[in-house]
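What follows is each chain in one-letter form.
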Amino acid sequence: MKEYLERHSSIKVKGENMTKQKSIIIALALASSFLSGCTHQYKWKEYPISDRIPNNSVLQVRTPVAVINGQTDNKVKEIGRIGAHKYQGSEQQLSQAIVDHLKKELAKNSIQVDDGSSKKLYIKVEHANLVQGVWQVRADMEVIVTTGDRIAYKFEIQNSTPTTVPRAYNGAVATAVVDILNNPKIQAYLRK
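An account of the accompanying structure is given in this report. As the structure is a prediction and not an experimental result, all values here were calculated from the model.

**Here we look at the side chain of asparagine 170**
And step 1. By the element assignment, asparagine 170 lies in helix α4 (residues 165–182).
And step 2. Owing to a relative accessible area of 8%, asparagine 170 belongs among the buried residues under this scheme.
And step 3. Looking at asparagine 170, its side chain comes within polar contact range of the side chain of tyrosine 42, at 2.6 Å.
And step 4. What asparagine 170 contacts, discounting residues up to four positions off in sequence, is Tyr42, Lys43, Trp44, Lys45 and Tyr47.

Structure, rendered in structure tokens:
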């Protein structure tokens, strides 16, 4: 009986040691992942804006429009960070998100979109940055829109949200589309 108790008590001690070791390993792994952080790739998701843009009865666009990504730099970089979460993307990717959203909004308003059209809008995100506040994050973007007449218009875009980095950028993309379509000089170009 004594041998039996000693044998089982040593197993119990070994089991407790193994459980402690596993707990320590798990805690170290969690701490390591927290300190090194998680990296996420930004992917654009459409943010609804149809009530904030003029329809074609106001715009009066009669000919097709080409909307082209003017940003050639596709270097992936960190575009934002919250705690241990890092978000990566590129200015070309953000430019393409604006292009895609702008094309959708034009098509919704019965404006023909044709990449071969002589009436062109080149969209280029020059700079994108995330500003973290106490209760919100803000995506800042500098967007240059160049018409087929080679006239460039600069838009300083800011969008704040109390939620996530992707939502801040999705809202900034939507804000850029709203600002572009509400700009009187771009409207005049589209009417020509």
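**Overview of the packing of helix α3 (residues 91–108) against α4**
And step 1. Contact geometry for α3 and α4: axes closest at 9 Å, N-to-C directions at 55°. Regarding the angle of α3 to α4, the classification is oblique. Crossing handedness for the pair α3 and α4: right-handed. Here α3 contributes Leu94, Ala97, Ile98, His101, Leu102, Glu105 and Leu106 to the contact with α4, which in turn contributes Tyr169, Val173, Ala174, Ala176, Val177, Ile180 and Leu181.
And step 2. The class makeup of the residues in the contact of α3 with α4 is twelve nonpolar, one polar and one charged.

**A look at the sheet that holds strand β3 (residues 77–82)**
And step 1. As summarised here, the arrangement of the three strands in space is β1-β4-β3, forming an open sheet in which the pairing is mixed. Edge positions in the sheet fall to β1 (38–41) and β3, since each has one partner strand and no second. For this sheet the average axis-to-axis angle between neighbouring strands, irrespective of direction, equals 30°.
And step 2. Both β3 and strand β4 (residues 85–89) contribute to a ladder of five bridges, which runs antiparallel. Across the sheet, glycine 80 pairs through a bridge with tyrosine 87, a residue of β4.

Rules used throughout
Residues numbered from 1 in each chain as written. Predicted model: local features only at pLDDT ≥ 70, side-chain atom pairs only at ≥ 80, totals over all residues. Heavy atoms only, no water. Helix = DSSP H or I, 4+ residues; strand = E, 2+ residues; numbered from the N terminus. Buried < 20%, exposed > 50% of the residue type's maximum accessible area, 1.4 Å probe, protein only. Polar contact = N/O pair within 3.5 Å; in protein donor to acceptor, adjacent residues only side chain to side chain. Contact = heavy atoms within 4.5 Å. Axes fitted to C-alpha atoms, helices over the stretch in contact; angles between N-to-C directions. Parallel < 35°, antiparallel > 145°, perpendicular 65-115°, else oblique. Left-handed = near helix turned anticlockwise from the far one by under 90°. Nonpolar A, V, L, I, M, F, W, Y, C, P; charged D, E, K, R; others polar. Pairing = 2+ DSSP bridges.

Structural measurements only, silent on function.
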